[in-house]
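# Summary of the model geometry
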Amino acid sequence: MDNLALEASILGIDGGWPAAASPSPAENQYFWELTRRGEWDKAREIYRWFTPLLHLDVSTKFVHIPSSFAVQETGLGKEFVRAPRLTLTARNANAC
């Protein structure tokens, strides 16, 4: 679960890549480096900033739209998703 990255790091995970990290890879890498060094206060600070993004990926209505749209908005990719996923529209945005 993406929104348990800090807790999992404290417990000693070897790695991970939350889908919500895709639009912010530098911040995700920095967070990871802080956890590896045991700099928990700094890691928690980044995690608090990151948490709303991580919650997008754990909704029971998750359909890849939030992370795909975020990747497009940061210029790191395209919003395109494969069928049966739907491209973000005003009509299906509420599904998130």
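Within each chain, residue numbers correspond to sequence positions counted from 1 in written order. In keeping with the model being predicted, local features are shown solely for residues with a pLDDT of at least 70 and side-chain atom pairs are shown and tallied solely at 80 or more, while totals for entire chains, interfaces and linings include all residues. Neither water nor hydrogens contribute to the side-chain values; these are computed over all heavy atoms in the structure.

## A look at the overall build of the chain
Applied cut-off: By definition, any uninterrupted DSSP run of H or I lasting at least four residues is a helix, any uninterrupted run of E lasting at least two residues is a strand, and each is numbered from the N terminus. Each residue is placed in one exposure class: buried if its accessible area under a 1.4 Å probe, protein chains only, is under 20% of its type's maximum, exposed if it is over 50%, and partly exposed if it falls in between. Every residue pair with non-hydrogen atoms within 4.5 Å of one another is taken to be in contact. Using a 1.4 Å probe, accessible areas were evaluated by the Shrake-Rupley method; residue-level cover was limited to the displayed protein chains.
Across its full length, the chain carries four helices and zero strands. Classification of the 96 residues of the chain by burial places 30% in the buried group. Expressed as a percentage of contacts within the chain between residues at least 6 apart in sequence, the contacts between residues at least 24 apart total 48%. Total accessible area on the chain stands at roughly 6300 Å², and carbon and sulfur atoms take up 57% of it.

## Structural notes on the nonpolar core
For the record, the criterion: Throughout, nonpolar core names a set of buried Ala, Val, Leu, Ile, Met, Phe, Trp, Tyr and Cys residues whose side chains join them through atoms within 4.5 Å.
Core analysis: the largest hydrophobic core is formed by nine residues, namely Ala5, Leu6, Phe31, Leu34, Ala43, Ile46, Tyr47, Phe50 and Leu54. Counting residues per element, the ones that place at least two in this core are helix H1 (5-10), helix H2 (25-37) and helix H3 (40-56). Setting aside residues no more than four positions away along its own chain, Phe31 makes contact with Ala5, Leu6, Ser9, Ala43, Ile46 and Tyr47.

## Topic: the confidence of the model for the chain
Heads up, the rule is: Each residue carries a pLDDT score, the predictor's own confidence in it, on a scale running from 0 to 100.
When pLDDT is averaged along the chain, the result is 75; 62% of the residues meet or exceed 70. Ranking the elements of the chain by mean pLDDT puts helix H4 (residues 65-73) last, at 68, and H2 first, at 89.

## Re the side chain of Thr51
Counted only if it meets this: Any pair of nitrogen or oxygen atoms within 3.5 Å is treated as a polar contact; in protein, a donor-acceptor pairing is required on top of that, and neighbouring residues in sequence qualify only through side-chain atoms on both sides.
Considering the arrangement of structural elements, one finds Thr51 in helix H3. Polar contacts involving the side chain of Thr51 include one to the main-chain carbonyl oxygen of Tyr47, which spans 2.5 Å.

## Concerning the pattern of salt bridges
For the record, the criterion: One side-chain nitrogen of Lys or Arg within 4 Å of one carboxyl oxygen of Asp or Glu is enough to make a salt bridge.
As enumerated under the stated definition, the model contains three salt bridges in all. Between Arg37 and Glu39 there is a salt bridge whose closest N-O contact spans 2.6 Å. In this structure Arg37 comes out as partly exposed when scored by relative accessible area, which is 49%. Its relative accessible area of 26% is what places Glu39 among the partly exposed residues. Salt-bridge contacts for Lys42 lead to Glu39; the nearest nitrogen and oxygen are separated by 3.5 Å. Exposure remark for Lys42: the relative accessible area of 45% places this residue in the partly exposed category. One network of salt bridges, with partners in common, ties together Arg37, Glu39 and Lys42.

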